[in-house]
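Geometric and topological summary
Each chain, written out:
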Amino acid sequence: MSDWKDDYANHIMKSAALPSAELVRGEGCYVWDSDGNKYLDFLAGIAVNSLGHAHPVLVDAVSRQVATLAHVSNYFATPPQLELAERLLRITGAGAGGRVFFGNSGAEAIEAAIKLARRTNRPRILSLQNSFHGRTMGSLSLTGKSALREPFEPLLPNVEHIDSTIAALEAAIGQDVAALVIEPIKGEAGVVDLPEGYLEAARDITREHGVLLILDEIQTGAGRTGSWFAFQQHGIVPDAIAVAKGIGGGVPIGALVTFGAASDLLTAGQHGSTFGGNPLATAAANAVLGEIERAGLIENARLRGEQLRAAIAGLPLVAEVRGRGLLIGVGLDKPVGPAVVAAAMSVGLIVNAPNDTSIRLAPPLIIGDAEVAEFVTKFTTALTQASEAK
Ligand SMILES: *Cc1c(COP(=O)(O)O)cnc(C)c1O
């Protein structure tokens, strides 16, 4: 037994709860802890490890890039950065009229979106109740959970968190609104889908009022929901999307991709980041996105998602199954989420409970029949244990 728990409790900022394990190694869809236990990883670092752990394509790309040129600052261009910008413009559909701002995290992508919105010279920003957009002061201002915001107020003024209904949007919108910022699927809320037709209607209404529609695809992007980005299943074109998490497969990177006229809002000297778009991180993202394409992992996400959804419906404690592709929310009929997570860990399975009545699944996009079968067996045991304990 190692003493990592004491070290963590004594040395790490008390801003997060004590972790349940210390992980030391990963390979494919599995990770190992410092006591030698092996886990099937159905969280993938919160939808980050798109290719699983230690994927040879990512290992090779990062190793080669760090041995070639790791960092240069944003005073210089690099080939991996330009390649990734072109790739993001292609896979988002933003195309030749679009542009990319690179940062290092989801919150930074949202901060860039807030600065973009400010440049419209309109004061108000709308986001949704129960949304999550990050923990920095700007992104926290947009986050629709008052318990997260209140200890840090005052935050940005003129941000309103509205209900996820078209009626609420129509009541709030006007010529003084700069942007509507929304997650296509609310990940941290427990993988909660928007009402049918919401995104399509929100696009029409925002366009009518000259309001930017900015999508937070930080959790839903990189092929996870069965298309490169979730909005692509709704036949709409946003003004900007924030991406991070699964794009880098574990190497920190975030970006704001703008479409059309929104691409001209930020001008020289108005935003920047020392690490943003650095060759190491962008080489990693090129490798990850290239492998997702080459190996057909978007299609795999769609098919494995359907397989999992069918298998999960009808298991003990399961009230509903939400989400798309390999971003799955399991609604529980009792508030035993943390007990399910603990029971899963005890049988060698990592899942996550964003709240008491939800389990979130976000496995690597590379899962196959064997991982699906192993997951179903272990998850059934965990649900059964948790339902009997309560
Ligand atoms: C994770 C997440 C963020 C914040 O990203 P960080 O990299 O943690 O800053 C923002 N929005 C959504 C939807 C997320 O899932």
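These numbers come from a predicted model, not from an experiment. (Residues numbered from 1 in each chain as written. Predicted model: local features only at pLDDT ≥ 70, side-chain atom pairs only at ≥ 80, totals over all residues. Heavy atoms only, no water.)

**Observations regarding the side chain of Arg-124**
Heads up, the condition is: Here a strand is any run of E in DSSP of at least two residues, a helix any run of H or I of at least four, and the numbering for each starts at the N terminus. Relative accessibility thresholds used throughout: buried, under 20% of the residue-type maximum; exposed, over 50%; partly exposed, between the two (1.4 Å probe, protein chains only). Definition of a polar contact: a pair of N or O atoms within 3.5 Å, with one able to donate and the other able to accept a hydrogen when the atoms are protein atoms, and with sequence-neighbouring residues admitted only if both atoms are side-chain atoms. Here, two residues are considered to be in contact whenever any of their heavy atoms come within 4.5 Å of each other.
One can find Arg-124 in strand E5 (residues 124–128). The buried category is assigned to Arg-124, whose relative accessible area is 14%. Within polar-contact distance, the side chain of Arg-124 engages the side chain of Glu-160 at 2.8 Å. Separated by 2.9 Å, the side chains of Arg-124 and Asp-176 make a polar contact. Setting aside residues no more than four positions away along its own chain, Arg-124 makes contact with Asn-158, Glu-160, Ala-172, Asp-176, Val-177, Ala-178 and Ala-179.

**Focus on the site of the ligand**
Put simply, the test is: Put simply, a residue is near a molecule or strand once any heavy atom of it comes within 4 Å of that molecule or strand. Where accessible areas are quoted, they stem from the Shrake-Rupley method and a 1.4 Å probe; at the residue level, only the protein chains shown are allowed to cover. By the convention adopted, Pro, Cys, Tyr, Trp, Phe, Met, Ile, Leu, Val and Ala count as nonpolar, Lys, Arg, Asp and Glu as charged, and the other residues, Gly among them, as polar.
In the vicinity of the ligand, the contacting residues are Ser-105, Gly-106, Ala-107, Phe-132, His-133, Gly-134, Glu-183, Asp-216, Ile-218, Gln-219 and Lys-245. For the ligand, an oxygen atom lies 2.8 Å from a polar atom in the backbone of Ala-107. Here a nitrogen atom of the ligand and a backbone polar atom of Phe-132 are 3.3 Å apart. Computed on the free molecule, the ligand has an accessible area of 380 Å², of which 81% lies beneath the protein chains in the complex. A breakdown of the residues in the shell around the ligand according to their chemical character gives three nonpolar, five polar and three charged.

**Observations regarding the sheet that holds strand E14 (residues 327–332)**
We count it as follows: Should DSSP find at least two bridges between two strands, the strands are taken to pair. Here an angle of 0 to 180 degrees is reported between the N-to-C directions of two axes, which are lines fitted to C-alpha atoms, with helices fitted over the stretch in contact.
Read across the open sheet, the four strands follow the order E13-E14-E17-E16; overall the sheet is antiparallel. At either margin of the open sheet sits one strand with a lone partner, and together these are strand E13 (318–324) and strand E16 (352–355). Strand-to-strand twist across the sheet, computed as the mean angle between neighbouring axes with direction ignored, equals 30 degrees. Where helix H11 (residues 297–312) meets the sheet, it contacts E13, E14 and strand E17 (358–361), and its direction lies at approximately 170 degrees from that of E13. Against the sheet, helix H12 (residues 337–346) makes contact with E14, E16 and E17, and its axis sits at roughly 170 degrees relative to E16, the strand it touches most.

**Topic: the nonpolar core**
Counted only if it meets this: Buried residues of nine kinds, namely Ala, Val, Leu, Ile, Met, Phe, Trp, Tyr and Cys, make up a nonpolar core once their side-chain atoms join them within 4.5 Å. Domain boundaries shown here were taken from an automatic or database domain assignment.
The biggest cluster of nonpolar side chains holds 80 residues, and the ones touching the most others in it are Phe-375 and Phe-379. Per-domain counts for this core show at least three residues from each of domain 1 (3–54 + 296–389) and domain 2 (58–294). Every residue in contact with Phe-379, bar those within four places of it in the chain, is listed here: Ile-312, Leu-315, Val-330, Val-340, Leu-349 and Ile-359. Grouped together as the second largest cluster of nonpolar side chains are 23 residues, Ile-110, Ala-117, Val-181 and Ile-218 included.

**Looking at the sheet that holds strand E1 (residues 23–27)**
Pairing in this open sheet of four strands is mixed, and the strands run E1-E2-E3-E15 from one edge to the other. Bordering the open sheet on either side are E1 and strand E15 (349–350), each of which pairs with just one other strand. Across two bridges, strand E3 (residues 38–41) lies against E15 in parallel orientation. Bridged to Leu-40 within E15 is Leu-349.

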